[in-house]
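Structural overview
Okay, here's what each chain looks like letter by letter:
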Amino acid sequence: MTKRHIAYLACSAALCGSLLGAAPATSSHGVLTVHPGESIQKAVDAAEPGDTVLVLAGTYHESVKVTTPGLTLRGMGPDTVLEPVKKSKKSKKAMSGAKKTAVKSCAEMGNGICVVGAKKQPVEDVTIAHMTVTGFSRTGVMAVGTANLNVHGVAAVKNGQWGLAEERAVHSVYRNNVARDNGDAGIFLANSVTAEKGAVDTFGTVVEHNLLENNRIGVTVRRLRNLTVSDNSVTGNCAGVFVVGDENKPKAGNLTVADNQVVKNNKYCKKTARLSFLQGSGIVLTGAENTLVTGNTVTGNSGKSPLSGGVVVFKSFVGVTSDKNQVTRNKLSGNSPADLVNQEASKHGNAFKDNTCKKSKPAGLC
């Protein structure tokens, strides 16, 4: 058991003890308690803004949709487990014969928890905390159209696509989570999952103190600006941290990737329609601008992908350059083909300063 696992468990236990012995903070904010065998969704639907839905330890087979502002959905720690509904052959046949609806439910989309706001009115101040979300065909926790979302102490494990994900969201905080063994990114943040649009301002979203291991990518930041990824442990993925831009404007950028431990992300993941195979990529910037990569420890990332290396500044596969990024004061060792890789021409203004490393491509960056 790693130190981060121990910290996560200790935090959950301390929190649960305080909740069981405490009264609601104010008379206007209630606590709705869900016991094993009861419906989390029913409690969420009954809650008022500012209420807490407290889910006791146990395994719950359902998906949960949250649309109430100010709601806290909180488990008792890792032993509060959310899994997909167990479908019988009869229920599967009924679903296959049912008419398709214009808007699918959270469960039909393959998600565990959905936090959903309207396009012009985001749902604000929702907290998801202290539970395990596992086995969903798409995403453990999916947020769409949110503001001030707080996700902490969540273990997103073995979900088909993403562990924790969001789109059209501003000022989110992802802290002290575990995302492991998910099919794509442990944490995936994007302006839009499906639409081709320019990067948008997150107004200070933070991803920090998370354990991200054995996913395809630890953290993916796609077409976003004004965001910080810091103090995370990222290991055993095909790629550690991926900042992605493309031909849309404005570019991804004005980001900070700082003080992360990015170690041995050496799994092999096959290529996709727009991306080469991945293996041995620590921190990758592709089609990004004005991004600061600083204070990270990047070690043992090794592979033969075009994106392999410790910190890699890469021109995107659709030909968009990476410009004016700063890679400074990082500690790098044992990365292959090199600790620092700059695949952009010097005219694009990417700067490599005060890094501790042995080998770079081209030479002279260390």
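Heads up: the structure comes first, above all this text.
Residues numbered from 1 in each chain as written. Predicted model: local features only at pLDDT ≥ 70, side-chain atom pairs only at ≥ 80, totals over all residues. Heavy atoms only, no water.

1. Observations regarding the state of the cysteines
Counted by the stated rule, this structure contains three disulfides. Covalently, Cys106 is tied to Cys114 through a disulfide, its sulfur atoms 2.2 Å apart. Around the S-S axis, the bridge from Cys106 to Cys114 shows a dihedral of about 85° and counts as right-handed. The residues Cys106 and Cys114 share a single accessibility class, namely buried. Here the bonded cysteines of the protein chain are numbered in sequence order, and their pairing is 1-2, 3-4, 5-6. (Disulfide = S-S within 2.5 Å. Buried < 20%, exposed > 50% of the residue type's maximum accessible area, 1.4 Å probe, protein only.)

2. Details of empty space enclosed by the protein
Scanning the model with the defined rule gives one cavity of 30 Å³ or more in all. Of the pockets and cavities examined, the largest cavity occupies roughly 30 Å³. What lines the largest cavity is Val221, Leu227, Val229, Val241, Val243, Leu255, Thr256 and Val257. Residue assignment for the lining of the largest cavity shows that the elements contributing at least two residues are β19 (224–230), β21 (239–244) and β22 (252–258). Among the elements that take part in the lining of the largest cavity, β22 stands out by supplying three residues, more than any other. Looking at the lining of the largest cavity, its residues break down into seven nonpolar, one polar and no charged. (1 Å grid on protein atoms, 1.4 Å probe; cavity = no way out; pocket = protein on both sides within 12 Å on 5 of 7 lines; lining within 4 Å. Points joined across faces, edges and corners; volume = space filled by probe spheres on them. Helix = DSSP H or I, 4+ residues; strand = E, 2+ residues; numbered from the N terminus. Nonpolar A, V, L, I, M, F, W, Y, C, P; charged D, E, K, R; others polar.)

3. A few points about the layout of surface pockets
In this structure, the largest pocket encloses a volume near 590 Å³. Considering the residues around the largest pocket, the lining is formed by 26 residues, among which Arg222, Val244, Thr272, Arg274 and Leu275 are closest to the centre. Contributions of two or more residues to the lining of the largest pocket are made by β18 (217–222) and β21. Here the lining of the largest pocket gets three residues from one element, more than from any other, and that element is β18. Of the residues assigned to the lining of the largest pocket, the class counts are 11 nonpolar, eight polar and seven charged.

4. Points about the pattern of salt bridges
Scanning the entire structure with this criterion turns up five salt bridges. Arg180 is the salt-bridge partner of Glu213, the closest N and O atoms lying 2.6 Å from each other. Of this pair, Glu213 sits in strand β17 (residues 211–213) while Arg180 sits in strand β14 (residues 178–180), and the two are 33 residues apart along the sequence. You can call Glu213 buried: its relative accessible area is 19%. Residue Arg180 is classed as buried on the basis of its relative accessible area, which comes to 19%. Linking Lys251 and Asp323 is a salt bridge whose minimum nitrogen-to-oxygen distance equals 2.3 Å. Here Lys251, found in the loop between β21 and β22, pairs with Asp323, found in the loop between β28 (309–314) and β29 (326–328); they are 72 residues apart in sequence, far enough to count as distant. (Salt bridge = Lys/Arg side-chain N within 4 Å of Asp/Glu carboxyl O.)

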